[in-house]
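Coordinate inspection notes
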There are 2 protein chains.
Amino acid sequence: MRHISRNEIDLMERNTRTNLINCLSGFKSANLVGTQQLGMENLAIISSVVHIGANPPLLGMIMRPHTVPRDTLENIRTTGYYTINHVHQQWVEKAHQTSARYPRETSEFAATGLTSWYSETFSAPYVAESLLKIGLKVEEIVVLACNLTELVIGQIEEIWLPQDAVFDDGFIDLTRLGSACISGLDGYHGTSPLARFSYAKPDTPLASLDLTQPFEQK
Amino acid sequence: MRHISRNEIDLMERNTRTNLINCLSGFKSANLVGTQQLGMENLAIISSVVHIGANPPLLGMIMRPHTVPRDTLENIRTTGYYTINHVHQQWVEKAHQTSARYPRETSEFAATGLTSWYSETFSAPYVAESLLKIGLKVEEIVVLACNLTELVIGQIEEIWLPQDAVFDDGFIDLTRLGSACISGLDGYHGTSPLARFSYAKPDTPLASLDLTQPFEQK
């Protein structure tokens, strides 16, 4: 095994360190954040969406105020509403392209060929191509003292997904939906199911749950 | 598409809601958190590790004080040190078993058959079977007002990984390392590489980067 000390990390060339450290957390979710303000739409890829709680239903995401998604963060602050949309394997390239620094007046929807879609019940734009769309209302924005990044937490207001995507017990097979995952800054991956396990108890062997419940994508 | 309103979410049976909401963020990293206090070791699986920053190198994780990893959180508070270890596809079952509520005096290492390993330079236990091990020192613990979960942020003190795992530009191919990912509470997945893309710029087609740089696991 190779040992990398903190001192070695601190002395690394900047881009090398950024690539390395961004890989350490493991595989990350691939999502697009959709916002609008006065009809001007923004779309930004983000790999830091994290589960905060189920009741009330809350998702968080880490945003750096001074990097690319700054329009997105400003729209969220001003309007209070945003969408999170799963990125799928077939169009990871379009999703990655949203990270380019487009001029403020350019919509990343138009620039990348993704389609904005509005539900009758929500004010922020969804990505039509996404099979799992979530509408959120800002609940809390926490500035982290350690490096001034911001943790944006939102309450889930509505969900859009294929008719038969949800198993009887609430589980969604994301592999079948074709959701992608991310490693580092620029690596995209598909997934294959290994197992679902029962609730773990001491001294009781785990049971494997059914991962084969069929559903159609509608 | 199926529409699920906030009202429908709130009225769901508790376990169904927990399964559903835990799937929404997308694929999640699979990590084991290792801690010890007075020689008593704890090991807990966690799917909420998130990149906070590269310089200084910081990782965060969401922990619920009143659920399973409470000994882990207490050890982190008391000692200030913990490890994060990637879970690999070959032993996801052992990793999941760490989530059982063992008596306080039981080490999840012994109970699940995973092996604790100490580097000469770090006080918290690593998982010997893991190919990517990170030693961290607590930097900041933020209690989230929205539901009283805690965001634990640590500075990376050292990294252990296979000799040739790091590409020249700092990237680590986690698919080759065999790192697993998680969906929901209990779904485990392997991954397959789709692409690495160049830094995105407006009006410039993305280039694909090499994902085939060979390395041996040592």
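Structure: above.
Rules used in this analysis
- Residues numbered from 1 in each chain as written.
- Chains lettered and ligands numbered in written order.
- Predicted model: local features only at pLDDT ≥ 70, side-chain atom pairs only at ≥ 80, totals over all residues.
- Heavy atoms only, no water.
- Salt bridge = Lys/Arg side-chain N within 4 Å of Asp/Glu carboxyl O.
- Helix = DSSP H or I, 4+ residues; strand = E, 2+ residues; numbered from the N terminus.
- Buried < 20%, exposed > 50% of the residue type's maximum accessible area, 1.4 Å probe, protein only.
- Contact = heavy atoms within 4.5 Å.
- Buried area = accessible area lost by both parts, 1.4 Å probe.
- Polar contact = N/O pair within 3.5 Å; in protein donor to acceptor, adjacent residues only side chain to side chain.

1. A closer look at the pattern of salt bridges
Within the structure shown, the criterion is met by 16 salt bridges over all chains. With a shortest N-O distance of 3.4 Å, A:R104 and A:E74 are connected by a salt bridge. With A:R104 in the loop between α4 (92-97) and α5 (108-112) and A:E74 in helix α3 (residues 70-79), this residue pair connects regions lying 30 residues apart in the sequence. Residue classification places A:R104 among the partly exposed positions, given a relative accessible area of 42%. Residue classification places A:E74 among the partly exposed residues on the basis of a relative accessible area of 36%. Here A:R196 ties to B:D186 by a salt bridge, and the two come within 2.9 Å at their closest N and O atoms. Of this pair, A:R196 sits in strand β13 (residues 187-197) while B:D186 sits in the loop between β12 (181-183) and β13 (187-197), each in a different chain. Residue classification places A:R196 among the buried residues on the basis of a relative accessible area of 2%. Residue B:D186 is classed as buried on the basis of its relative accessible area of 8%. The network of salt bridges with common partners includes A:D71, A:E74 and A:R104.

2. Notes on the interface of chain B and chain A
Between chain B and chain A, the residue contacts involve 107 residues of the former and 107 residues of the latter. Of the roughly 9200 Å² buried at the junction of chain B and chain A (both faces included), carbon and sulfur atoms supply 62%. Across the contact surface, chain B and chain A share 2 salt bridges. Joining chain B to chain A, the criterion identifies 50 residue pairs in polar contact (both at pLDDT 80 or more).

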